[in-house]
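The chain contents come next:
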Amino acid sequence: MEPTDTSHPDYYHRVVDCQWACPAHTDVPEYIRLIAQGRFTDAYMVNRESNVFPGILGRVCDRPCEPACRRGRIEQKPVAICRLKRVAADHREDVTSRLPKVPRVKNGKRIACIGAGCASLTVANDLLPLGYQVTMFEQYGEPGGLMRTNIPSFRLPQRVLSEEIGMITGLGVDLRLDSPVTSLRALLAQGFDAVFVGSGAPHGKNLDLPGRDAAAANIHIGIAWLESVAFGHVDSVGKRVLIIGVGNTAMDCCRTSLRLGAESVKVMARKPRGFFKASDWELEDAEEESVEIVVNRSPREFVVENGRLTGMRFERMEYELDASGRITAERVVGEEFLHADDVILAIGQENAFPWIERDLGIEFDKWDVPVIDPRTFQSTRPGVYFGGDAAFGPKNIIWAVEHGHQAAISIHRHCERQPVSERLPPGMNLQSRKMGMHEWSYANDYSPVERRLMPHVSLKERFKKLNIEVELGFTAEQVEQEVQRCLNCDVQTVFIAKLCIECDACLDICPVDCLTITANGPEADLRARLKAPARNLAQPLYVSAALPQTARVMVKDEDLCVHCGLCAERCPTAAWDMQKSQLHWPHAEDEARALEARKTKIA
């Protein structure tokens, strides 16, 4: 195999998995180390730089970082990365003085943001410090978008939402509430230099079955129903409730139903559990509250008697799966009737842009959704950008945040009359953690403790009010052990081949047998000759340059390495070193500095 280029950021894409798995590329190990030192405010600011909403995401993020956590390769349960964000948010001091500074003198450019959700707020957060004037149009009386209307307060308290949104709007956003945009043409006529569309995916999908119209009074679209609950327009529900669908919205609907007085709540899933879209922890919380999840039931009709909904009829399904778990055949094996006073449809969301005229130069695809560049987030009309659910359909808050970061870069380059596709690449710096011959400026002890469970409000107490937050969060004392579970996977084992004397000391001390000195060769052959065979083909091997003594190579299986640093402590020649990899993912301020430096150089 060719020697590995450890100076290339893509190499660490496969090593610091949690940081690259997060769409916003948060420096997870760094803020965990700060929490370990009790520096909660510093940890909050590290998180806010990329994630923007640490307190919000620490409660409701979909956690793409945790399946990638290397701790999960050892004992299946990753570090509680998401909940540690909340720890930093809950225990921080006032950060007003540390928020981005907005210049008094503006740059003369005006940006319109449609919708006051997480994507638009991120755009404002990135552009206001550069001197832009940002006007945000929101159809409701409060900002927050789907964060406010669709995430129940027992998961995301309004005070947390309002506080973190206020950190951005307080920078000087011209926030226009109760101001829906009904015509993009009219908005463009106001002379904005760029427009960002962050209007979400506001339409829930319907289920057009027999009986739908006759039972309309008791059949609700999930996201619209949650919105009505959030604004106090709905305060009760029937005793028997069926939820159709098994995504995260369905979990919010079923748990909300219990708090509004439902006595029997069933979530109806068309397919087996392995196909559920809801997060595992969402399912666990719902089932803890006695929600019944019924699998392999396909809706057939709404049953109406004397003009009122009495229940639904379902087809009982049976599936055949192949070795990889994919459905190869399905058949109906019977039918079943279930009583219901109310049915809530949570089977997906759709984008809707009736307010965008079709002659503005914005191309729409066959699904009547705007064609968006996935890298720049620009539409086919220069100066009009999309992000969040409005761009590519429903995902998660953290995805919308990253969309906002990237759209802000494009908006700045557009306003500077620069090509939006020419952007700064991600950067990587490596810095040794060595303090002495065998001392490192980080804790490298392996902690065997299990993942800490999140404490919850008792079942008896949590249903008394709609806004009682179920998860209590960790205390400062409770996180002491959890932060020690982090394997510091941003502190890399860096190898200098020319210093190696092939004494095998590193091989002897390695607790997981991830190191091998052997003759080089084709990858398949090399993997079979390692001390511990490297079977995870998705994880590249580290292969050194030829060693000076025998021309063999040092091979490391990154899939096994726990970054304990024992190889570097044991090495007599310092061929191994522990170096922190610092990933820098550019934001609009970095683009602004780069463009300004170029102007100065030309002058």
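S.K.: Got a sec to walk through the layout of surface pockets? Specific residues and values, please.
M.R.: One number sums up the size of the second largest pocket: a volume of about 720 Å³. The set of elements that each furnish at least two residues to the lining of the second largest pocket consists of helix H6 (65–68) and helix H15 (280–288). By residue number, the principal contributor to the lining of the second largest pocket is H15, which donates 5 residues. When its residues are assigned to classes, the lining of the second largest pocket shows 9 nonpolar, 4 polar and 12 charged.

S.K.: Break down the packing of aromatic side chains for me, with residues and values.
M.R.: Summed over the entire model, instances satisfying the criterion amount to 9 aromatic pairs. A centroid spacing of 5.6 Å and a plane angle of 90° characterise the contact between Trp20 and Trp585, whose relative ring orientation is edge-to-face. Separated by 565 residues along the polypeptide, Trp20 in helix H2 (residues 17–21) and Trp585 in the loop between strand S23 (576–584) and helix H23 (588–602) bring together distant segments of the chain. Using a relative accessible area of 13% as the deciding quantity, one classes Trp20 as buried. Judged by centre distance (5.8 Å) and plane angle (85°), the rings of Phe353 and Phe386 are edge-to-face. Pair noted here: Phe353 is in the loop between strand S14 (349–350) and strand S15 (384–386) and Phe386 is in strand S15, with a separation of 33 residues, a long-range link. Residue Phe353 shares its accessibility class with Phe386, and that shared class is buried. Through successive ring pairs, a cluster of aromatic residues spans Phe353, Trp355, Phe364 and Phe386. When the ring centre of Trp281 is taken as origin, the NZ or CZ atom of Arg63, which lies over that ring, is 3.8 Å away.

S.K.: Please set out the pairing of strand S22 (residues 553–557) residue by residue, giving values where relevant.
M.R.: Counting buried positions along S22 yields 5 of 5 residues, so the element is predominantly enclosed. Side chains Val553, Val555 and Asp557 project from S22 onto one buried face, and the interleaved Met554 and Lys556 project onto a second face that is buried too. Judged from the 4 bridges that link them, strand S20 (residues 515–518) and S22 form a sheet pairing that is antiparallel. Looking at S22, one finds that Thr518 is bridged to Val553. The sheet contact formed by strand S21 (residues 541–543) and S22 spans 3 bridges and is antiparallel. The residue of S22 that forms the bridge with Val543 is Val555.

S.K.: Just give me the short version of the side chain of Asp557, but keep the residues and values in it.
M.R.: Mapped onto the elements of the fold, Asp557 is located in strand S22. In this structure Asp557 is buried but unpaired, with Arg527 as the nearest side chain of opposite charge at 5.5 Å. Separated by 3.0 Å, the side chain of Asp557 and the backbone nitrogen of Asp559 make a polar contact.

S.K.: Can you tell me about the packing of helix H13 (residues 222–230) against helix H14 (residues 248–259), naming the residues and giving the values?
M.R.: The contact between H13 and H14 brings their axes to 10 Å, and the two run at 45°. As summarised for this structure, H13 and H14 are arranged oblique, according to the angle between their axes. Pair H13 / H14 crosses with left-handed handedness. Across from Gly222, Ile223, Trp225, Leu226 and Val229 in H13, the residues of H14 making contact are Thr249, Asp252, Cys253, Thr256 and Ser257.

S.K.: Describe in detail unusual backbone geometry, supporting the description with residues and values.
M.R.: A positive phi angle, close to 60°, is found at Arg63, a residue other than glycine. Inspection of the secondary structure assignment puts Arg63 in the loop between helix H5 (54–60) and H6. Overall, the relative accessible area of 7% leaves Arg63 in the buried class. Phi at Ala551 takes a positive value of approximately 65°, unusual for a residue other than glycine. Secondary-structure assignment places Ala551 in the loop between S21 and S22. Relative accessible area serves as the criterion here: at 52%, Ala551 is assigned to the exposed category.

S.K.: Describe in detail the pattern of salt bridges, supporting the description with residues and values.
M.R.: Overall, the coordinates contain 51 salt bridges when judged by the stated rule. Where Asp359 meets Arg185, a salt bridge forms, and the shortest distance between an N and an O atom there is 2.5 Å. Highlighted residues: Asp359 in the loop between S14 and S15 and Arg185 in helix H12 (residues 184–188), separated in sequence by 174 residues. In this structure, Lys580 and Asp490 form a salt bridge, with 2.5 Å as the shortest nitrogen-oxygen distance. Here Lys580, found in strand S23, pairs with Asp490, found in the loop between helix H19 (479–483) and strand S19 (491–495); they are 90 residues apart in sequence, far enough to count as distant. A cluster of three or more residues bridged by salt bridges with shared partners is formed by Arg255, Arg259, Asp285, Glu288, Glu289 and Arg462.

S.K.: Describe the pairing of strand S1 (residues 110–114), listing the residues and the values that go with them.
M.R.: Counted residue by residue, S1 has 4 buried out of 5 residues, so it is predominantly covered. As paired elements, S1 and strand S2 (residues 133–137) share 5 bridges and run parallel to each other. Paired with Cys113 across the two strands is Met136, which belongs to S2. Handedness of the crossover joining S1 and S2 through helix H9 (residues 118–127) is recorded here as right-handed. When S1 meets strand S4 (residues 194–197), the two strands line up parallel, connected through 4 bridges. Along S4, the bridge assignment pairs Ile114 with Val197.

S.K.: Lay out the sheet that holds S4 with the relevant residues and their values.
M.R.: The 5 strands lie next to each other as S3-S2-S1-S4-S15, forming an open sheet whose pairing is parallel. Each having just a single partner strand, strand S3 (174–176) and S15 make up the two edges of the open sheet. Taken over all neighbouring pairs, the strand axes of this sheet differ in orientation by 20° on average, direction set aside. As judged from the 3 bridges shared by S4 and S15, these two strands associate in the parallel manner. Bridge pairing links Val197 to Phe386 in S15. Docked against the sheet, H9 engages S1, S2 and S4, running at close to 170° with respect to S2. Packed onto the sheet, helix H17 (residues 397–415) meets S1, S4 and S15 and runs at close to 165° relative to S4.

S.K.: Which residues make up the sheet that holds strand S8 (residues 264–268), and what values do they have?
M.R.: The 5 strands are arranged S6-S13-S7-S8-S9 in an open sheet whose pairing can be described as parallel. The open sheet terminates on both sides in strands that have one partner only, identified here as strand S6 (219–221) and strand S9 (292–294). Across the sheet, the axes of successive neighbouring strands diverge by a mean angle of 25°, strand direction being ignored. Two elements, strand S7 (residues 240–244) and strand S13 (residues 342–345), share 4 bridges in a ladder whose sense is parallel. Paired with Leu242 across the bridge in S13 is Val343. Of the strands in this sheet, S6 and S13 touch H13, which is tilted by about 90° from S6.

Reading the values: the criteria
Residues numbered from 1 in each chain as written. Predicted model: local features only at pLDDT ≥ 70, side-chain atom pairs only at ≥ 80, totals over all residues. Heavy atoms only, no water. 1 Å grid on protein atoms, 1.4 Å probe; cavity = no way out; pocket = protein on both sides within 12 Å on 5 of 7 lines; lining within 4 Å. Points joined across faces, edges and corners; volume = space filled by probe spheres on them. Helix = DSSP H or I, 4+ residues; strand = E, 2+ residues; numbered from the N terminus. Nonpolar A, V, L, I, M, F, W, Y, C, P; charged D, E, K, R; others polar. Phe/Tyr/Trp six-rings, centres within 6.5 Å; stacked < 30°, edge-to-face > 60°. Buried < 20%, exposed > 50% of the residue type's maximum accessible area, 1.4 Å probe, protein only. Lys NZ or Arg CZ within 6 Å of the ring centre and 35° of its normal. Pairing = 2+ DSSP bridges. Lys, Arg positive; Asp, Glu negative; His and termini not counted. Salt bridge = Lys/Arg side-chain N within 4 Å of Asp/Glu carboxyl O. Polar contact = N/O pair within 3.5 Å; in protein donor to acceptor, adjacent residues only side chain to side chain. Axes fitted to C-alpha atoms, helices over the stretch in contact; angles between N-to-C directions. Parallel < 35°, antiparallel > 145°, perpendicular 65-115°, else oblique. Left-handed = near helix turned anticlockwise from the far one by under 90°. Contact = heavy atoms within 4.5 Å. Right-handed = clockwise from strand over helix to strand, strands pointing away.

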